[in-house]
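So the chains spell out like this:
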Amino acid sequence: MLLRMSLPSFRLAPAALAALLAACASVDEHRAPDMALPTEFLYASPRVDATAPTAAIDAAWWRVYGDAELSRLLQRVGEANAEIAQAEARWRQAMAQVDAARALAFPQVGVGASITRSGGNAAAVGTGARQIYAAGADVSWAPDLWGRVGRTRDAAEADAAALAALRDAARLALQLAAAQGYVRMRALDATLALQAQADVAYARSLQVTQLQYDAGLVARADVIQAETQLQSLRTQVFTLQRQRSLEANALALLAGSTPAEFPLLPIDAALPAVPPVPAALPGELLRRRPDLAAAERQLAAAHARLGVAQTAWLPDFTLSASGTLQASSLARLLDAPARVWSLGPQIAATLFDGGARRANEVAFTAAYDEQAAAWRGSVLSAVRETEDALVQVSTLAEQERQQQRLVELATENERVVGFRYEAGEISFLEVATAQNLALSARRAAIDVRAERLAASMALVAALGGGWQPPASAR
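Residues numbered from 1 in each chain as written. Predicted model: local features only at pLDDT ≥ 70, side-chain atom pairs only at ≥ 80, totals over all residues. Heavy atoms only, no water.

(A) Quick peek at the overall build of the protein chain. Secondary structure summary: the protein chain contains 11 helices and 5 strands in total. Per-residue burial for the protein chain yields a buried fraction of 38% across its 474 residues. The long-range share in the protein chain, meaning contacts at least 24 apart out of those at least 6 apart in sequence, stands at 83%. Accessible surface, the protein chain as shown: approximately 26300 Å² in total, 58% of it carbon and sulfur. (Helix = DSSP H or I, 4+ residues; strand = E, 2+ residues; numbered from the N terminus. Buried < 20%, exposed > 50% of the residue type's maximum accessible area, 1.4 Å probe, protein only. Contact = heavy atoms within 4.5 Å. Areas by Shrake-Rupley, 256 points an atom, 1.4 Å probe, with all protein chains shown as cover.)

(B) Region of interest: the environment of Thr116. Within the secondary structure, Thr116 is located in strand β2 (residues 108–118). With a relative accessible area of 40%, Thr116 lands in the partly exposed category. In sequence terms Thr116 and Ile132 are 16 residues apart; their C-alpha atoms lie 5.3 Å from each other. Once you skip the residues sitting within four places of it in the chain, Thr116 turns out to touch Arg130, Gln131 and Ile132.

(C) Spatial organisation of the packing of aromatic side chains. Taken as a whole, this structure holds 2 aromatic pairs when the rule is applied. Centre to centre, the rings of Trp61 and Trp62 are 5.7 Å apart; their planes meet at 75°, and the pair counts as edge-to-face. Both residues of the pair, Trp61 and Trp62, count as buried. Here the aromatic rings of Tyr421 and Phe428 are separated by 5.6 Å at their centres, their planes lie at 70°, and the arrangement is edge-to-face. Across the pair, Phe428 and Tyr421 agree in class, each one buried. Between the NZ or CZ atom of Arg167 and the centre of the ring of Trp91, over which it lies, the distance is 5.1 Å. Positioned above the aromatic ring of Tyr213 is the side chain of Arg220, whose terminal nitrogen or guanidinium carbon lies 6.0 Å from the ring centre. (Phe/Tyr/Trp six-rings, centres within 6.5 Å; stacked < 30°, edge-to-face > 60°. Lys NZ or Arg CZ within 6 Å of the ring centre and 35° of its normal.)

(D) Fine view of the confidence of the model for the protein chain. The pLDDT averaged across the protein chain works out to 86; a share of 87% of its residues lies at or above 70. Counting contacts from residues 1–15, a segment whose pLDDT is below 50, to residues more than four positions away or on other chains yields 22 contacts. When the criterion is pLDDT under 50, residues 48–54 qualifies, and its contacts beyond four places in sequence or with other chains add up to 13 contacts. (pLDDT = per-residue confidence, 0-100.)

(E) Local environment of helix α2 (residues 68–80). With 13 residues, α2 extends 18 Å from end C-alpha to end C-alpha; this agrees with the ideal 18 Å at 1.5 Å per step. Those residues of α2 that sit buried are Leu70, Ser71, Leu73, Leu74, Val77 and Gly78. Along α2, the residues classed as buried sweep out an arc of 165° about the axis, all on the same side. Looking at the buried side of α2, the elements it contacts are α3 (82–103), α5 (148–214), α6 (220–254) and α11 (428–462). (Expected span 1.5 Å × (residues − 1). Arc of directions from axis to C-beta.)

(F) Spotlight on the side chain of Arg357. Note on placement: Arg357 falls in helix α10 (residues 356–422). Assessed through its relative accessible area of 13%, Arg357 is described here as buried. At 2.7 Å, the side chain of Arg357 forms a polar contact with the side chain of Asp353. Non-local contacts of Arg357, meaning those with residues more than four positions away in its chain, are made with Ala312, Trp313, Thr350, Leu351 and Phe352. (Polar contact = N/O pair within 3.5 Å; in protein donor to acceptor, adjacent residues only side chain to side chain.)

This is the structure:
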């Protein structure tokens, strides 16, 4: 049941007015839920002083790796990636919704004109057909007495801010994926270079073994084993080349290009150096990470929509005015028309809706609770991602040191065993074992360095990648 009345003919009872004002004041201002975070990360090493300021991460975070090709690649990903373009378009749609929500606060002005011709039986009505010209204008304005329009605008602005942060989060995630793919490709380059070096060493071993066999010093089995070892090495090259091509194709997609159009990255066996671990505190994640900023803005939007739902109990108040000019001819419409006008306020309130408003408010309350839980889950996930990256960076650093020691030992063992074989003291089986051990150790060292670089990049991304909230959101 919808009740409409004109204010001059009806006075609100004081009790009803008090109830309306109380309902109007029932929605408080949005505040992100308080969440206690630890004062330091568990796996940060050395432990960060909670009272000391931490350095900001450069927005172009990849510069710390000192790789020009990596910088060019990630800049192209940020500019040409299709997923980022989609996120940008979604943000523009949200900004259009903000403009539409802001327009609700302004008066609505309309104009119209008409020509009508009417008539009937001349004997019955005493006149023939006649033509009437009319033109008019109307203005209506609904003052935002209960904050409904303001909260609708707040919800739209929060949605737009959330989508802007999600766009930045998508850019960071895609650039991280590209950076880690680039590292894997460079690791494959280094492994291919290592395979080429091993090919030379294995071919030399085969040559020495063949000479010894020709001299009758070793059995034919040693020659076959040397040939098998060399052929196995050469077969592995095709797997590595295929993996590199697949990584290059993936990078082309991230850069918004086809593999044929994507510029070939030069083969480079050198991996970038691992920069120092950036210091940070758990509480800083809340202002450094765009995905957490997006979750908080989504929570703010849900809060604003809950406020809009709560104002559904309050009446609609509208001020309207209209004026119309009428005449029997177009000339008289401009010179001496008949004038009709109206001006006045209107109030409309729903007295009974079968519980629809209550159900709507409960639904928006549940939606707000859902977003609050999502925000808390996002914060916990951010802390977990950072802790994961920290533990990987610290353990991989030590593992790389130990692996390098293993490479040194395997290299020395390979050298000594080679001398003993050339002296005829041992069989080729020991040579093959030593060579394979040395090659495996060197390949593992490359893999560990690549994993350490990827973990370092994941840590930078987990700390927000140098993202800063817009000035209006600070």
